Each structure stands twice: as structure tokens, then as C-alpha cells.
Amino acid sequence: MSTTHAPVPGLPRERDVLPPVIGSAVQRIDAVEKVTGRASYAADTRIPRMLHAAVVRSPHAHARVLAVDTSRAARVPGVHAVITGADTAQVKWGAFRPDLYPLAVERVRYVGDEVAAVAAIDLETARYAAELIRVEYEVLPAVLDLDAALADGAPLVHDDAPGNLAHEFAFDRGGAREWLERSDVVVEGVWQSTRQWHGSIETIGCTAEWSQDRVTMWVNTQTPFLARQRYATALGLPLRAVRVVQTEIGGGFGGKSGDDNTSVICAILARKTGRPVQLVNTREEEFLASRPRIPMRYHVRLGFTSDGLVTAKEIDLVADNGAYTGKAQAVLGAATVRHDALFTYRAVKARSRLVYTNLVPTGAFRGFGNPSADWAVGQAWDLAATRLGIEVPDLFLLNAVESGSVSPHNHRISSCELKQCIRRAAAAIGWYDKRAAPTPHRGLAMGVSVHVSGRRSFGDYDGSSAIVRLTEDGRAAVIIGEGEIGTGARTTLAQIAAAELGLAVADISVSRPDTDLTTHALGALASRVTYVAGNAVKQAAERACEQLLAAAARQTGRPAAELWVEDGHVHAPAMPGEDTPLRQPVGTVVRAELYRPGGEPIVGLGSFDNPSEFPDQLRYGNESGAYNFVAEAAEVEVDPATGAVTVLELAAAVDCGTVLNPPLAEGQVEGAIAQGLGMALTERFDWDGGAPTRPNFVDYKMPTAGVMPKLHVEFADSYEPTGPFGAKGVGEIALDPVPSIVASAVADAVGVRVHELPITAEKIFWGIRTGSTTPPEQAGPGGLSESAEPAPPDRPAPPRDRAPGEER
Amino acid sequence: MAVPLRFRLNHEDVEVHVQDPASTLLDLLRNDLGLTGTKSGCAIGYCGACTVIVDGRAVPSCLQLVGLLEGREVRTIEDLSGPDGLDPVQTAFVTCAGMQCGFCTPGHVMALRALLDQEPEPDEERLRQTVDGNYCRCTGYVKILDSAREAVSLQKSLTGEAR
Ligand code: FES
Ligand code: FES
């Protein structure tokens, strides 16, 4: 990463003169709190007289609730309240399609659905009492997979969703079928992704306390203002009655964006008991009742001319919503269109359906649909490269978008260094050298992805605002509601303020969201904080700085134009006849501005709305003002005897504009890659009766330090003209291509193409032996994990060293 | 019936009365003693977020029964820093950006502290094994391993100065 740039014509001059704090490895402003254990996470909230809560959940995937007997639980000494659906407002809530009750009303729709809850003097008592609650169920037929849910006459998960369709849309932009018919090469396949859990080490939790007719909720939510709106609906309260305060957050990844019932139940218990109540998910509950990644099944067709120019793409996508919708509807939109902003398609056609099942509800997870899209479409591109006899990086370079490209959905690409990323990732992994001297059982693959920097999604606004107050001790307070989920957002916002104000980062404090006290903010989602909030903070700081200089000008009798701020001081050259230049501490100027008749504070307000369009019902519209890009290359080794995969090396080249803080940006990339490797290789459960058999960390294996490959992380030399100091988002993008490149590298190594996540040794073992990744005893018609591409009649010899006939 | 229990906690003698000898040190620390720096991530001994040091060894406090603590020596994250500043392991995490959300950090810090107490100069393999014992969902472990290496050299230079 380099922060010195040659001048680029047409770009603002700012690029050539980035302040030194931009692009430097500034220490996180919350680092000491975190290493000492003083940071206060959701479960660390302590309020005198606080009660603890436990939830009773459905053991059935689908059932009618006939009766709930809470009498024994209520008699347990130390129990303060027991609640059921009857104690709630019985209002359905949800971000896009309200379909979730705070506690079950008449029916439960998945194993884990909330039925009743208890608040008691301590957790043991609450859990003991919860076990004494007797629920009488009439078990109903359930739909436990996509095909069952879509079958004619399938039981309905929600009576108002015929065909179990929660959402659907379709479009044809440019006549894709005609383009495909006229294409020289068409590749086709079906790919299925899987439920992946966020796996934040901290589970979802809330502490709620009422004061008269208002509730304060201390929640580890990524999106306090959006969550507040939904919580108010769920509680049947006016918005003004709910205040949400963000605690420290032990990992978000989309999972703490306020689509689940935990905080709502907590608030109801607090009202009923008249005491503060804390409710924190157990790890088992987190697996049952959070909102994991949506499993998606893509049927993909891609067309090319014989010289490798892409023509068109057609997808048919079905997505497993689970029992409730949350943000899944928006994820479906992203999963359908966003990856079309990568290549210069002439036409794209899609049909997308979000399907209710009686399974764990799904929702937002880092990548927001992109990892599933890349899992399918990325592998189709890999197949196409083989068919065309073109190396993958070269095929990408032939078709990649550039600055100024416009996608079929009107994604208007401003800065774009995708081609630079492709070249850098290829170089970092040693692509052409490794191709020239292949090692047996090793394989190479490359993938690319695109992400937004904020997405217009929750109404026609994707903005942010900030207040910068210069303090009388010469520091600055940034008041903003965006928050911190662990990425270091508050540190980068402090850097931006410091750069504008001429103060040290150590002299900047950044607020935590409080819906009563900070500016309104959409929060940490859609890789938006650096770009959207960064611009707001930058403007607020600029305006505070102008006021400071005006005040200093008045105080010193010099023209404001001669003044500047640096090192915490207002400076000016020496006046004629004086020999010392002016050097006044910022705090002195601020104090002098206050302590005079009619004194005023120095406070700057900044505001920025993403220069994007609110996409229409068919997902047409430029969803973000800036797009970030990645190219990743992986080398894997497969043990042909067992099918075990080792990822040896992974190279990522990221275009996120200016890198504001290299270690923080690298951390986003490294962590995203780890999560992508988990999704690719190990993260799964055994299921029985609609639920994981043992929903815990022993069964659900996430990557540990020992399994991480060697990583090469690079950042493209890039500058986004609309970003703060040229920056774009970086939080999600590096996860997206990982599962698909691992699969393609396995195919390159041993000729086995895995179509269904995760990529297990067992699938590869059978693929090597039988040509089908399904174990012989389980093989049936339409088995997804079997290679689904029709064998092309005119297939040229594969250019790579591949076992013949094993990939179809 | 509450049972009295005496042990050393962060270099002080403590006596507590425990209702259930089969309850865990994690709950005792967090709920009864107000030491919330030790985190709970799974409660089944798998994630390492709750790691503390008992008699010099890193253990998951969610599996440590309080009934077995009598007379033993417990150290938690709260013991590592004080008015004089941070433990070298903590300093290393700060300077190497070894945390993101920070929820796993106290556990990683304690596991590495225990290692360095036993083996002041562990090799790369030992560092990797130690870090491998604790989950982190944010960092991909690269900067945790950087922090671990930095902690070793920091500790080495500090003990060198002390001599
Ligand atoms: S909480 Fe003890 S190991 Fe996870
Ligand atoms: S820093 Fe978040 S889990 Fe490790």
C-alpha cells in the first residue's frame, strides 16, 4: 500500500496531498479498553436490581400451539414474570415483510421459534422455571427443504404466502435468451450454497429498563436506529417510547442487525416486572434463533463468443428464507443483480424466488448474497475459461468493468481498479509460473467480486450526519450514531476528523450510538460507514474548522485566510513588524469564543447522502455511489486418497479506494477470507427434523489459526472521487469469492467439481472415485452435488492438467 | 446451603460462599465477583473466550468447577494491567492491531500469558498451537499471531532490561 500518488488528470488535487494521518497505521482508539477486558459488551451491562431471562422455544418445525401452562413456572421462588404471546402486542414485525410475532401466536414455524419467556432473580432460576412451562402442541406437516416448500399442495408456512413464496421478481434486460442462442460457447450448471452462521463469539443480547412509559434498551446491535423502529412496532409502541443504546459489540457480520426477537422479549419482560431485565442468547439459541446466511440454489447459464467476450447471463434463483423474512428479501435482490456490476454483460435475465420453509430463518450476513452468487456464477466463469481455453485471469481481463462502466441494472461505476486487482492477485499467487510447472494434486483458481459502499435500501435515503464539537481543552468530540462493531470504524472516523481539524487522533473522541443523543444513522451494514459516515464527519470537521479559524481571526485581528490549524494549534505567519508567528492552542481559541458576552460554542454539522438511486421493485437503480472490488486467487492441494483439501495460499487484491488505516483494512480482508474459508470447507450441521442435531461449536467448525493458509493481502492504487479522502467500503468484499475459488481450485487439482457447499473431503473422495460427489448409497435423481453441466459436444481439450472425464 | 470457598484471585485471598459447587468459575467471576473481563462464548469449553490462568495454566473458566478451586491461584484479565500500564502481551495486541471486536481478546491474551510464563521463548509452532486453541471470528488470526510474536520479543526486551 502506498499513499504517494502520481497526479492523475481529472482527479481532485487532494489525492496528491493526503494528510499524513490518512493512510497511516493509527492505533485503534478502543484498543486499550479491549485488551484490558474493560470494554462493556451486551452481557456486561450491570444495573442494580437487574433480572435475568430465559426463553422457551418450539421443539417442532411446525405446530399449532394449543395451550401454554405457565402456572408451575410462575410459582418458582425468584421468578418475577412469565410471558406468552398473550402478553405481547400480537403485532407482526419485520424489516421488509412483517411476518414475525415477538412470541408465538397460535402457531410455531421452526424449531427454535419463541413461545414463552421468564424473568427471574438469576439465570439458573429463570432457566429452571422455563423448563417447567408446559406447552401443548398439535404437530403440523412441515416443509423442510426448498423442493418440499415449492411442491404443489405443500403445507403453507404462512397462510398469506401462497406457494410459500415470500418474495419474487424477474427481469430480462437486453434479451438474454437471444444472446445466449447466438453465443459460441454456453456453460451451464446448478450450484447450492448453505446456511452459514455469523459465529460472532459474543451472542446477541439486550438489557432493558423502563422509566414511566419509555424503555431504554442497551443492545449489541449494529443498527440502533433501524432496530429501534422495528422494536417499537413489535412492542406496539410509538417510536418515541423506545430508546436504543449500543453496547460494545463482539462481532456483527450482519447477524446483529435487529431482525430477531431477543431484544423485544427482553423489553416486554422488563415492562412486566418493572425491573431491568437482561436476556442474552446461549450459543445454542444463537444457532437456532439468529438469522444466518440464506442458502441459495442458482441455475446459471453464461454465454461467450469464441474469443472469450461474455454475451449474456441467465439465472434462476431460489432462496431458502426459513420461517421468517427479516432482511432476506433485500439479500435476494443483491444476490440477483450485484455481481452483474463485474463484467460487461450485453444482457442479463433472472428469476428470483424467496421461499418460506419451516427452518431457521435467514437474513443478512457479510456479503449480503454475493458469496452465494459468486459460489455459482464464479464457478460458471471458471468452467467457461476451461471451455474457451483461456486462462481465468485473462478471461476476466477481457470482460472486466472499468471506471465509467454502467451495468445492465444501472450500477454506475465511478472508481474501478478491478483489472489492476486481477493482475496483482495473479502476480501475488505466481499464477503463470505455477501454470507453467504444475504440481500434481494442486490446483489454482481466481475469482472476482464487487460490493457497494452503502446501499439505498431502507427508503430513499442512505445518508449520515455528524456533529463535531471542538472542546475547550483543545480536543474534538465527534457525535454520530453509526457505531462500532469491531471493524475500527470509530478509529477511521477519528482519523478523518483529525485530518480535517489538524488535531491528533488521540485528541478525538467518537460517540457510541444512542437514539436519544446522537445523530440519526443507518449503522454498520452494507460496507457503508467509511464512505457515507466518513463524508459526513469530514464535512462536520471542515465546518468546525472554519468556525475555529473565524473565531481565531476575530480574536487576533488577522484575516482568516492567513490562518491554519496544525498540531493542535492555530497558526499564522508573523505579522509585519513582529518576529514570531502566531501559535495559539485550539483550546484557547475555543475558550475565548465561549467566555465573552454572548459567547458561542464551536460546533460543525456535516451531512452526506450516498449519491445513489433507490432501486425499483425489479432492482433497477444505481444502488451505491461507489463500488469496491476484489480479485482473489487460491492454490489448494487435494489428498487423492481421502479427498481432504488444504488451502495452501490465498492472494487478495482489493480496490477500496484510499486505504485510511492499513492494519485495519488488512484486518477486514484477512477476517473475511477466514470466514469465507469456513463457509467453503467446514461450516455445516447435521440436521434432523428441521434443526441442527447439536447446535454448538463442536459440530459447527469455524476456522482456527492452525488451518489458515498463507495470505497475501494487497490494495490497489485507487482513489474514489466521491469518498472521504478517496476511500470506499472494505468490510465485506473479501469474503465473497472465497468458496467459489476453493471449489474451482479443487476442480483444477483433481477434476472434481463440487456444486453444493461445503466442499467436504467426502464429496471429493466420491468425486474422484465415481465421478459424482454424492456417496453411492445416497445418489438419486437430481442430486445437486453431482456435476450438473451437460457435456458439450464440441468441448475442446482442457488446457489444464486434469484427470480426463472427471469433470462433466 | 452455601459452602465457603477460599482461593487466591489476582494475588488476593478471597472467600466466597457458593450455593452450588458444580457451578463454574466463569459464572462466579462474572456474576458474583463483578469481573466481566472474562467472556463467555460457548460455555462448553470450545471457544476459549473464557480463558483464565489457574495455578499457572490456561484453562477455560466455563469448565472449571468452583468446588475444585479451594486453595488454588486464579488470575484473570483484570490482573494483567494496572496503574503501571499493560502487560507486554496486551501491549503487543494494541500495537499489532491484534483485535477487532475484542471479544476473544481477553482469552487470547490469557492463553499467551500462560504460555510465556511457562516458556519465555516459544517457537513459532508453539505460538500457533496456543492461538489455535481460541476462536476468533474477526481477524483471520494473522494479526493475533503478529501480536503473539511481538509479545515474545517485547517480553524478552523487558526481562533483558530488568537484569
Ligand atoms: S466460553 Fe468457555 S470455552 Fe467458550
Ligand atoms: S476480535 Fe472479534 S472475535 Fe476476535
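Conventions we followed
Residues numbered from 1 in each chain as written. Chains lettered and ligands numbered in written order. Predicted model: local features only at pLDDT ≥ 70, side-chain atom pairs only at ≥ 80, totals over all residues. Heavy atoms only, no water. Helix = DSSP H or I, 4+ residues; strand = E, 2+ residues; numbered from the N terminus. Rg over C-alpha atoms; globule rule 2.2 N^0.38 Å. Buried < 20%, exposed > 50% of the residue type's maximum accessible area, 1.4 Å probe, protein only. Contact = heavy atoms within 4.5 Å. Areas by Shrake-Rupley, 256 points an atom, 1.4 Å probe, with all protein chains shown as cover. Lys, Arg positive; Asp, Glu negative; His and termini not counted. Charge placed at Lys NZ, Arg CZ, Asp CG, Glu CD. Pairing = 2+ DSSP bridges. Axes fitted to C-alpha atoms, helices over the stretch in contact; angles between N-to-C directions. UniProt positions renumbered as here; feature names shortened; annotations may be inferred. Parallel < 35°, antiparallel > 145°, perpendicular 65-115°, else oblique. Left-handed = near helix turned anticlockwise from the far one by under 90°. Nonpolar A, V, L, I, M, F, W, Y, C, P; charged D, E, K, R; others polar. Buried area = accessible area lost by both parts, 1.4 Å probe. Salt bridge = Lys/Arg side-chain N within 4 Å of Asp/Glu carboxyl O. Polar contact = N/O pair within 3.5 Å; in protein donor to acceptor, adjacent residues only side chain to side chain. Patch = residues over 30% accessible without salt bridge, like charges linked within 9 Å, V, L, I, M, F, W, Y side chains within 5 Å.

1. Considerations on the overall build of chain B
For chain B, the helix and strand inventory stands at 5 helices and 5 strands. For chain B, the N- to C-terminal ordering of α and β elements is β-β-α-β-β-β-α-α-α-α. A globule of 163 residues ought to have a C-alpha radius of gyration of about 15 Å, and chain B, at 16 Å, matches this closely. Dimensions along the principal axes, computed over C-alpha positions, put chain B at roughly 50 × 40 × 25 Å. Looking at chain B as a whole, 55% of its 163 residues qualify as buried. Within chain B, counting contacts between residues at least 6 apart in sequence, those at least 24 apart form 58% of the total. For chain B, the exposed surface amounts to about 6,800 Å²; the carbon and sulfur share of it is 51%. Positive and negative side-chain charges in chain B, numbering 15 and 23 respectively, have mean positions lying 5 Å apart.

2. So, the overall build of chain A
The helix and strand inventory of chain A stands at 19 helices and 28 strands. Relative to a compact globule of 808 residues, whose C-alpha radius of gyration would be 28 Å, chain A shows 28 Å and is just as compact. Each principal axis of the C-alpha distribution contributes one length, and for chain A these read about 90 × 75 × 45 Å. The buried share among the 808 residues of chain A stands at 65%. Accessible surface for chain A amounts to roughly 27,000 Å². Of this, 51% is attributable to carbon and sulfur atoms. Taking the average place of the 78 positive charges on the side chains of chain A and the average place of its 98 negative ones, the gap between the two points comes to 3 Å.

3. With respect to the sheet that holds strand 23 (residues 602-609) of chain A
All names here are of chain A. Strands sit in the order 19-18-17-23 across an open sheet of 4 strands; the sheet is mixed. Strands at the two margins of the open sheet, each flanked by one partner only, are strand 19 (508-510) and strand 23. When strand polarity is set aside, the average angle formed by the axes of neighbouring strands in this sheet is 20°. One ladder, built from 8 bridges, connects strand 17 (residues 463-470) with strand 23; its direction is antiparallel. Across the sheet, the residue bridging to Leu470 is Ile602, located in strand 23. Strand contacts of helix 14 (residues 489-501): strand 17, strand 18 (476-479) and strand 19, with the helix running at about 140° to strand 19, the strand carrying the most contacts.

4. Focus: the UniProt feature "domain: Aldehyde oxidase/xanthine dehydrogenase a/b hammerhead" (unreviewed entry) in chain A
The UniProt feature table records "domain: Aldehyde oxidase/xanthine dehydrogenase a/b hammerhead" (unreviewed entry) at residues 36-141 of chain A. Its end C-alpha atoms 51 Å apart, residues 36-141 of chain A is made of 13% helix and 33% strand.

5. Some points on the packing of helix 6 (residues 224-235) of chain A against helix 7 (residues 262-273) of chain A
Residues and elements named next belong to chain A. The interhelical angle for the contact between helix 6 and helix 7, taken along N-to-C directions, is 50°, at an axis separation of 10 Å. Viewed along their axes, helix 6 and helix 7 adopt a mutual orientation that is oblique. Note that helix 6 runs across helix 7; the crossing there is right-handed. The residues of helix 7 that touch helix 6, namely those facing Tyr231, Ala234 and Leu235, are Ser263, Val264, Ala267 and Ile268. A class-by-class count of the residues in the contact of helix 6 with helix 7 yields 6 nonpolar, 1 polar and no charged.

6. Let's talk about the interface of chain B and chain A
Of the residues lining the interface, 38 residues belong to chain B; the matching set on chain A comes to 50 residues. Carbon and sulfur atoms supply 59% of the area buried between chain B and chain A, which totals about 3,600 Å² over both sides. When the buried area of chain B at its contact with chain A is split by residue, B:Gln100, B:Tyr135 and B:Arg137 rank highest and sum to 24% of it. Counting across the interface, chain B meets chain A through 5 salt bridges. In this structure, A:Glu683 engages B:Arg137 in a salt bridge whose closest nitrogen and oxygen atoms are separated by 2.8 Å. For the interface between chain B and chain A, the tally reads 26 residue pairs in polar contact (both at pLDDT 80 or more). For the side of chain B that touches chain A, the secondary-structure elements that each account for two or more residues are helix 1 (25-32), helix 2 (88-95), helix 3 (105-118), helix 4 (124-132) and helix 5 (142-162) of chain B. Looking at side-chain class alone, the side of chain B that touches chain A contains 19 nonpolar, 12 polar and 7 charged residues.

7. Some thoughts on a negative patch on the surface
Residues A:Glu124, B:Asp20, B:Asp27 and B:Asp32 make up a contiguous surface patch of negative charge. For B:Asp27, a relative accessible area of 30% puts it in the partly exposed group.

8. Brief notes about the pattern of salt bridges
A complete count under the given rule lists 67 salt bridges over all chains for this structure. For A:Arg558, the salt bridge is made with A:Glu578, and the minimal N-O distance between the two is 3.4 Å. Of this pair, A:Arg558 sits in the loop between helix 15 (529-556) and strand 20 (564-566) while A:Glu578 sits in the loop between strand 21 (569-572) and strand 22 (582-585), and the two are 20 residues apart along the sequence. Classification of A:Arg558 as buried rests on a relative accessible area of 8%. Between B:Arg6 and B:Glu15 there is a salt bridge, with its nearest N and O atoms 3.8 Å apart. Among the residues examined, B:Glu15 registers a relative accessible area of 45% and is labelled partly exposed. Linked by salt bridges that have partners in common, A:Arg28, A:Asp30, A:Lys34, A:Glu248, A:Glu484 and A:Arg512 make up one network.

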